[in-house]
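Breakdown of the fold
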Amino acid sequence: MYDVIVIGGGPIGSHTAGQLAEAGHDVAVLERGPQAGTGVCCTGIIGQECVSAFDIDDSVILKKANSARLFSPSGNLLHVQREATQACILDRAAFDLMMANRAINKGARYLPDRLVSRLENKDNRIEIEVLHQGEKTIIEARVVVIATGFGSKLTGRMGMGAGGDFVVGAQAEVATTGINEVEVYLGRQIAPGFFGWLVPTSALTARVGLLSRENPRGHLKQLMTSLREQGKLTTTEAKMNSGGIPLQPLERTCGERVIAVGDAAGQVKPTTGGGIYFGLLCADIAVATLHQALQSDDLSSGNLAKYERRWRRRLGRELKTGYRARKLFERLSDRQIDRLFYIMKANGIDKALLESDDVSFDWHGKAIPMVLGRAVLARVLGRTSAAAKASQG
């Protein structure tokens, strides 16, 4: 019987496994694919803070970015730039393999081609039913970490509640004519309520994608056609990948002998859909909690609830603020988004954001009030001062 079974060999699962193995626990990772990094649909942008905090090697970084070009629905440009590197664009397959190899080097076992079909709590263990090469086997562990990514049914079956709000992302690798900066596109004709992107990965290649609640692949095809007409893409022929992205965390992220981390737990930035950094931060919290619980042999839901309290204390306000901003943005019309661009530039809000030490690529909680302050929001929504006063009265 293993001390810990981690279900999912992505970066969050591998990091969790590696840290627990390094702490002296017997750990195995069950990955449904043939190896880490297969079938990933992710833009792969992480902040410099994440790179430094988790010692991510330059060998898996395709490109570094210190600027971005944001386009409003009518084509108005908002250019943001800092001197220092703000974000890094990962080779996701290489990154996932790097994290898996780190875990293996620290003593974790990696078991590919294992599809988990059932979890069941017993008196002093948890049984994991695994499908491997057409045959079902049972693996036992003292505790299980669910790090499967978004959409796993295992969390619901283990009493963690249904997942909250989500969106679907669609993306393709494309040939470009030489795009040097990250570009972001807003507008209901592009990605209703969300945004599209063109992220350079080399001198002549990029990832183009978007988030949408409906028909993401259809919207992506239209975006690629538009970018081709603008001379930014050399072709619209590219394989599309898509996948769900949670915008809210699970009702509960732990139970009896089980913990969920990363996208499986909904620990994702609602503003952008990025989940790598927050997932890794929560993985560290999970490791600390599990190490103590394994040592004391108390893997009850009550004891593992320390994980829930700790990660929500670290990220809860950030996620709630981001989700409120996300829902507000979804309601804005194209005209209101254009108005927001104008107000930000006319009032120097864009420059204030760049100059503020409190605003970063990874943490949006302090930037959101600056962008959506009461006076600015009233102007974007077209309210007169009289109407604003009447609403206060």
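Predicted model, so just to flag it, every value in this text is computed and none were measured.

Thoughts on the environment of P246
In this fold, P246 is placed in strand β16 (residues 240-246). Residues P246 and A162 lie 84 residues apart in sequence; the distance between their C-alpha atoms is 11 Å. If near-sequence neighbours (up to four positions away) are discounted, P246 is found in contact with F150, D165, F166, D263, G266 and V268.

What about the side chain of E127?
One can find E127 in strand β10 (residues 126-132). Residue class for E127 comes out buried when judged on its relative accessible area of 14%. Apart from residues lying up to four places away in sequence, E127 is in contact with R118, L119, E120, K122, I138, I139 and E140.

A look at helix α5 (residues 216-229)
Taking 1.5 Å of rise per residue, the 14 residues of α5 would be expected to cover 20 Å, and the 20 Å separating its terminal C-alpha atoms lies within 8% of that figure. For α5, every residue scored as buried is listed here: P216, H219, L220, L223, M224 and L227. Along the long axis of α5, the arc covered by the buried residues comes to 140°, so they all point the same way. Looking at α5, the residues exposed on the side facing more than 90 degrees away from the buried face are K221 and E229. Structurally, α5 contributes buried residues whose contacts are with β12 (166-175), β13 (182-185), β14 (196-200), β15 (205-212) and β16. Positioned one or two residues after α5, G231 has a phi angle of 85°, which is positive.

Observations concerning the packing of aromatic side chains
The tally for this structure, following the rule as stated, stands at 5 aromatic pairs. Judged by centre distance (5.7 Å) and plane angle (20°), the rings of F71 and Y185 are stacked. Of the two residues, F71 sits in strand β5 (residues 67-71) while Y185 sits in strand β13, which places them 114 residues apart along the sequence. Classification of F71 as buried rests on a relative accessible area of 14%. Judged by relative accessible area, which is 5%, Y185 ranks as buried. One aromatic cluster is present, built from ring pairs that chain together F54, Y277 and F278. Between K269 and the ring centre of F278, over which it is positioned, the NZ or CZ distance is 5.9 Å.

Some words on the pairing of strand β9 (residues 115-121)
As defined by bridge partners, β9 adjoins β10 across 6 bridges and the pair is classed as antiparallel. Across the sheet, the residue bridging to E120 is E127, located in β10. Where β9 folds back on β10, the antiparallel hairpin that results is connected by 4 residues.

Cut-offs used in this document
- Residues numbered from 1 in each chain as written.
- Predicted model: local features only at pLDDT ≥ 70, side-chain atom pairs only at ≥ 80, totals over all residues.
- Heavy atoms only, no water.
- Helix = DSSP H or I, 4+ residues; strand = E, 2+ residues; numbered from the N terminus.
- Contact = heavy atoms within 4.5 Å.
- Buried < 20%, exposed > 50% of the residue type's maximum accessible area, 1.4 Å probe, protein only.
- Expected span 1.5 Å × (residues − 1).
- Arc of directions from axis to C-beta.
- Phe/Tyr/Trp six-rings, centres within 6.5 Å; stacked < 30°, edge-to-face > 60°.
- Lys NZ or Arg CZ within 6 Å of the ring centre and 35° of its normal.
- Pairing = 2+ DSSP bridges.

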